[in-house]
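Residue-level structure breakdown
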Amino acid sequence: MALQRRKILAQALNLGFGTDTIPADTGGLLVGDKIGLHTFLPGVVVLESFGAVGDGQTDDTQAFADAIAAGDLVMGAGGKTYKITSQLDLSLEGQIIDLNGSAVKPVGIFDCFNIMADGVQIFDMDADASGISGSVITNGTAVQQLLFENVQIRNAGVFDAIKLKDVSTSWFRNVDITGHAGTAFHLYSTISGIPINGVYIEDCNFSEGLSPTAASVLIEGASGVFIEGCTFRNNNSGGTDLWLRSTGTASVDGIAITRSYFKAPINQLGNAIYIGDPASGSVPQDDIFIENNVLETSKQNIRLGLYTTGDVAVIGNTFLFVNGSPTDVIALASGVPYPRVAQSFGTFNVIQQNYGTISISNTTGTSAATWSEGNGLPTATPANGSM
């Protein structure tokens, strides 16, 4: 409620910041502080108070930087487009950027927002990333307690739209990234033995990706990540919607993917959900829960790659047939260095008699994979082969 009142004030007041001079009755000049939102709410500043124009053509970088340096809560007036031409560092712990639905338009070769402190929050921001060679949001150090809500990024290039390393205890809600030519959302660990952890990705949209090779969402080295209610729609053929893999020193475990929607049209290559096959090293992926999702895609629905070592649960999902090249609905790829063990797959609910197969190769153990099938498919516990 307090934040909403601040929004109303930001939109309604003709704000000023700094000092002003007026003629004195007795001659000379009087100097005093301008009256603005900051007068009534200390720590709250509005970009226009620092000279921001917000017409999408005027360079508002300095106004943005001055506002960030001056306030705990930096607000846009709404309905504006702020052109940014160099990196903006967010170094104040707990700082809030709330643009009231206004947009940033970064132009140049740089990363736009660089987070350097814990507790940074970004609200109600649109970003036109078509003019930037770099990420829209990144971080220069390990951070925690981030909150992004109602953030939209359009037309990012081959650089990751959002790229965050060594993040913990953070929330991303209603983040909408579309038209990206590279990875839309990239979380990764760089600290040996310490995965990113306690991250919630809720009700987000990562769709219309253009890359034939990149993952729209790439998470590398993570423990305790919850992906719920997200949409992955019509990302390019050959690419992956959601890829989770370990790094050379950090595992992937304790991941939940729930109530999300994966859609691709006919004749698409690539994967919807891809777990394993790390870029380097042999640190495992395990304790993955894929539950109550809808996969309406011609891509490989779920692929478990190298070093996916155990406890992968696929429960209560709905698989809808989409015409395409023959492919496995769920596949455990064969290969070295050692077998994957997939356990407790739960209910596999096929709608419209999906023509794909469940392919399991190079697995070991008494119950290498346990399936409880729906829609007339047999219940079986294969040790190797296909079903």
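Computed from a prediction, not measured in an experiment: that's the story for all the values here. (Residues numbered from 1 in each chain as written. Predicted model: local features only at pLDDT ≥ 70, side-chain atom pairs only at ≥ 80, totals over all residues. Heavy atoms only, no water.)

Focus on the nonpolar core
- Within the largest apolar cluster, 73 residues are counted, with the highest numbers of intra-cluster contacts made by Phe64, Ile137, Phe148, Ile201 and Ile219.
- In this structure, Ile201 is in contact with Phe172, Phe185, Leu187, Phe206, Ile219, Val225, Phe226, Ile227, Glu228 and Cys230, ignoring residues within four places of it in sequence.
- Val44, Met75, Ile96 and Leu147 belong to the second largest nonpolar core, which has 7 residues in total. (Core = buried A, V, L, I, M, F, W, Y, C linked by side-chain atoms within 4.5 Å. Buried < 20%, exposed > 50% of the residue type's maximum accessible area, 1.4 Å probe, protein only. Contact = heavy atoms within 4.5 Å.)

What to know about the packing of aromatic side chains
- Tallying each qualifying case throughout the model produces 10 aromatic pairs.
- Taken together, a centroid distance of 5.7 Å and an interplanar angle of 35° make the contact between Phe206 and Phe232 tilted. On the criterion of sequence distance, the pair formed by Phe206 in strand β19 (residues 205-207) and Phe232 in strand β22 (residues 231-233) is long-range, its members being 26 residues apart.
- You can call Phe206 buried: its relative accessible area is 1%.
- An aromatic cluster is defined as three or more aromatic residues linked by ring pairs; in this entry it consists of Phe148, Phe172, Phe185, Phe206, Phe232 and Phe262.
- Above the ring of Trp243, the side-chain terminus of Arg245 is found at 4.5 Å from the ring centroid. (Phe/Tyr/Trp six-rings, centres within 6.5 Å; stacked < 30°, edge-to-face > 60°. Helix = DSSP H or I, 4+ residues; strand = E, 2+ residues; numbered from the N terminus. Lys NZ or Arg CZ within 6 Å of the ring centre and 35° of its normal.)

Some words on the pattern of salt bridges
- Taken as a whole, this structure holds 8 salt bridges when the rule is applied.
- Residue Glu48 pairs with Lys80 through a salt bridge whose shortest N-O separation is 3.2 Å. Remark: Lys80 occurs in the loop between β5 (73-75) and β6 (81-84) and Glu48 occurs in the loop between β3 (44-46) and β4 (55-59); sequence separation between them is 32 residues.
- For Arg173, the salt bridge identified is with Glu202, shortest N-O distance 3.2 Å. Taken together, the residues span a long stretch of sequence, with Arg173 in strand β16 (residues 167-178) and Glu202 in strand β18 (residues 196-202) at a distance of 29 residues.
- It is possible to trace a salt-bridge network through shared partners that takes in Glu149, Arg173 and Glu202. (Salt bridge = Lys/Arg side-chain N within 4 Å of Asp/Glu carboxyl O.)

Points about the pairing of strand β26 (residues 271-275)
- With 5 of 5 residues buried, β26 lies mostly within the body of the structure.
- Here strand β23 (residues 240-245) pairs with β26 via 4 bridges, running parallel. Each residue of the ladder has a partner; that of Trp243, found in β26, is Tyr274.
- Strand direction decides the pairing type here: β26 and strand β29 (residues 300-304), joined by 4 bridges, are parallel. Residue pairing for β29: Ile273 is matched across the bridge by Ile302. (Pairing = 2+ DSSP bridges.)

What to know about unusual backbone geometry
- Not every positive phi belongs to a glycine, and Asp124 is a case in point at roughly 50°.
- Here Asp124 shows up in strand β11 (residues 121-128).
- Even without being glycine, Asn234 reaches a positive phi, approximately 55°.
- Here Asn234 is to be found in the loop between β22 and β23.

Quick look at the side chain of Ser168
- Its location among the elements puts Ser168 in strand β16.
- What Ser168 contacts, discounting residues up to four positions off in sequence, is Val143, Gln144, Gln145, Asn197 and Gly198.

Things to note about the confidence of the model for the protein chain
- Per-residue confidence for the protein chain gives a mean pLDDT of 80, with 72% of residues at or over 70.
- Contacts of residues 37-42 to residues separated by more than four positions or lying in other chains number 15 contacts, the stretch itself having pLDDT below 50.
- This stretch, residues 334-387, has a pLDDT under 50; its non-local contacts, to residues over four places away or in other chains, come to 147 contacts. (pLDDT = per-residue confidence, 0-100.)

Here's the deal with the side chain of Thr240
- Among the secondary structure elements, Thr240 is positioned in strand β23.
- Not counting chain neighbours up to four residues away, the residues in contact with Thr240 comprise Ala214, Ala215, Ser216, Asn271, Ala272 and Tyr274.

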